[in-house]
Amino acid sequence: MDAKEIAKDINIVPTPQDEDHEVNWEDEFQELMQTLPKEKSWYGRDICFYQGFWCPSPVFKAVISFQKHFQALDTDIIVISFPKCGTTWLKALTFSVVNRNQFAREENPLFRSGPHQLIRFFEYDLYLKNPSPDLENSSLYPPRLFSTHVPYPSLPSSIKDSNSKIVYICRNPMDMFISLWFFTEKLRAENSEPFSLDEAFELFCRGTYGWGPFFDHVSGYWKASQENPNKILFLKYENLKEDIISQLKKLAMFLGFPFTEEEEKHGVVEEIAKTCSFANLKELAVNKNDVNTFGFPHNTLFRKAEVGDWSNYLTPAMVDRLEKLIQENFDKSGLTFKLSSQSPKDAFA
Ligand code: PAP
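Residues numbered from 1 in each chain as written. Predicted model: local features only at pLDDT ≥ 70, side-chain atom pairs only at ≥ 80, totals over all residues. Heavy atoms only, no water.

As recorded by an unreviewed UniProt entry, the chain carries the name Sulfotransferase and is attributed to Durio zibethinus. In the Sequence similarities (unreviewed entry) part of its UniProt record, the chain is described as follows: "Belongs to the sulfotransferase 1 family." (UniProt positions renumbered as here; feature names shortened; annotations may be inferred.)

Spelled out as structure tokens, the structure:
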């Protein structure tokens, strides 16, 4: 798929100067692309191995452009996740927290636009059509809100070196895998062969899928958040499910938009939690009917939203294998995962 054809609804239009630059850049890009290992993920999409992760090929050029050109501002906020870990939810929450004084409660733009339309991906949106979009003079007012699935080591240095803030969300790998499995079943490329859950699981364990390996992605941000907790807030999907109010307050505080006593008294926190809830977003017309820049229907982002749904699909052998992988990857890190909504404590503590 040609990257230029993909993002039709992005309003950052290339200038003639950009077009010249694009020609040289295309050569450079093609050369680099030749050198990379390539595979197909189980849902039929091309992926290429770059800087230690499997990058979806249709956005590879956009990732490089983002790395080369993005200049972070100290006021920027970047929502980062591994796919299927709660990106949509965290975008809705972050947008609502930061902009809550810009609109009346019942006029939250989330009622008319999907969370992914309100906080754009660098790679799927902003850099997809233009290698160097003018984000400084665009209509984005501070704080600018962006998002990405790019792993920590591959972020542009201007993000790491500035005072911009990162909010990262992770999820237990069992639920993440099942969520990805159902998502990819819906989006499987028409000409790709069907894959069994077993085969997909094998590739999942090997890390061969877009943005994988999951374990490296999570470890990278976990470590960075431990080293720099004022810069990176590391959130867990399961904690948001368990106590959205306290997690929302934590998020607002971290972002520099804490709730006032007055706001708390007037139920502003609860109102945001409700607006961003799965039950609310799933039923909105915009999330039922619209499609994203890649033609994915928004409704594919809303399935069950449960903790522990994996237990309906994974065999005991699969669970064993994932438990081992969790242990191998996170044992000494201090990172733990809640695997079911019933479990009183985090697993693998
Ligand atoms: P993305 O990375 O492709 O944007 P992402 O939003 O991270 O996807 O993950 C989708 C998962 O979040 C789905 O989980 P499930 O398959 O286990 O059901 C989806 O249902 C869930 N989800 C979407 N919106 C919300 C929300 N507002 N609250 C809780 N969970 C949500």
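Moving on, there is more to tell.
Novice: I keep staring at the site of the ligand and nothing clicks. Help me out?
Specialist: Around the ligand, the surrounding shell holds 21 residues, and the nearest of these are Lys84, Thr87, Thr88, Lys304 and Ala305. In this structure, an oxygen atom belonging to the ligand sits 2.6 Å away from a side-chain N or O atom of Ser179. Protein contacts shield 96% of the accessible area of the ligand, which totals 640 Å² for the unbound molecule. Among the elements of the structure, helix H4 (87-99) and helix H15 (278-283) are those that each provide at least two residues to the shell around the ligand. (Near = heavy atom within 4 Å. Polar contact = N/O pair within 3.5 Å; in protein donor to acceptor, adjacent residues only side chain to side chain. Areas by Shrake-Rupley, 256 points an atom, 1.4 Å probe, with all protein chains shown as cover. Helix = DSSP H or I, 4+ residues; strand = E, 2+ residues; numbered from the N terminus.)

Novice: Got a minute to help me understand the sheet that holds strand S1 (residues 38-40) in this structure?
Specialist: Hydrogen bonding along the main chain pairs the strands of a sheet, whether they run parallel or antiparallel. Across the sheet, which stays open at both edges, the three strands sit in the order S1-S2-S3 with antiparallel pairing between neighbours. Single-partner strands in this sheet number two, and they are S1 and strand S3 (53-56). Strand-to-strand twist in this sheet, taken as the mean axis angle between neighbours without regard to direction, amounts to 40°. Sheet analysis places strand S2 (residues 46-50) next to S3, joined by four bridges and oriented antiparallel. Residue Ile47 lies in a different strand from S3, and its bridge partner there is Pro56. (Pairing = 2+ DSSP bridges. Axes fitted to C-alpha atoms, helices over the stretch in contact; angles between N-to-C directions.)

Novice: How should I be thinking about the packing of aromatic side chains in this particular structure?
Specialist: What describes a pair of aromatic rings is the distance from one ring centre to the other and the angle between the planes of the rings. The tally for this structure, following the rule as stated, stands at 33 aromatic pairs. Ring plane angle 10° and centroid distance 5.7 Å describe the contact between Phe53 and Trp211, whose orientation is recorded as stacked. A residue pair is termed long-range when its members are at least 10 positions apart, and Phe53 in strand S3 and Trp211 in the loop between helix H9 (197-206) and helix H10 (214-227) qualify at 158 residues. Accessibility expressed as a relative area gives 2% for Phe53, which makes it buried. Where Tyr152 meets Tyr221, the ring centres are 5.5 Å apart and the plane angle is 80°; that geometry is what we call edge-to-face. One end of the pair, Tyr152, is in the loop between strand S6 (145-148) and helix H7 (157-161); the other, Tyr221, is in helix H10, with 69 residues separating them in the sequence. An aromatic cluster is present here, built from Trp42, Phe82, Phe177, Phe201, Phe204, Tyr209, Phe214, Phe215, Phe330 and Phe337 joined pairwise through their rings. Above the face of the Phe29 ring, Lys61 is positioned so that its terminal group lies 5.7 Å from the ring centre. (Phe/Tyr/Trp six-rings, centres within 6.5 Å; stacked < 30°, edge-to-face > 60°. Buried < 20%, exposed > 50% of the residue type's maximum accessible area, 1.4 Å probe, protein only. Lys NZ or Arg CZ within 6 Å of the ring centre and 35° of its normal.)

Novice: Just checking my understanding: could you explain the side chain of Glu238 for this structure?
Specialist: Mapped onto the elements, Glu238 comes out in helix H11 (residues 237-242). Despite its burial, Glu238 pairs with no opposite charge, the nearest such side chain being Arg171 at 4.8 Å. Contacts of Glu238, omitting those with residues within four sequence positions, involve Cys170, Arg171, Asn172, Val307 and Lys338. (Lys, Arg positive; Asp, Glu negative; His and termini not counted. Salt bridge = Lys/Arg side-chain N within 4 Å of Asp/Glu carboxyl O. Contact = heavy atoms within 4.5 Å.)

Novice: Before we go on, may I ask you to explain the pairing of S6 in this structure?
Specialist: On a regular strand, one side chain projects to one face of the sheet and the next to the other, so that they alternate. Of the two faces of S6, the one holding Leu145 and Ser147 and the one holding Phe146 and Thr148 are both buried throughout. Where strand S4 (residues 77-81) lies against S6, four bridges are found, and the strand directions are parallel. Bridging across to S6, Val79 finds its partner in Ser147. Inspection of the sheet shows strand S5 (residues 120-121) paired to S6 by two bridges, in the parallel sense. Across the sheet, residue Phe121 finds its bridge partner in S6, namely Ser147.

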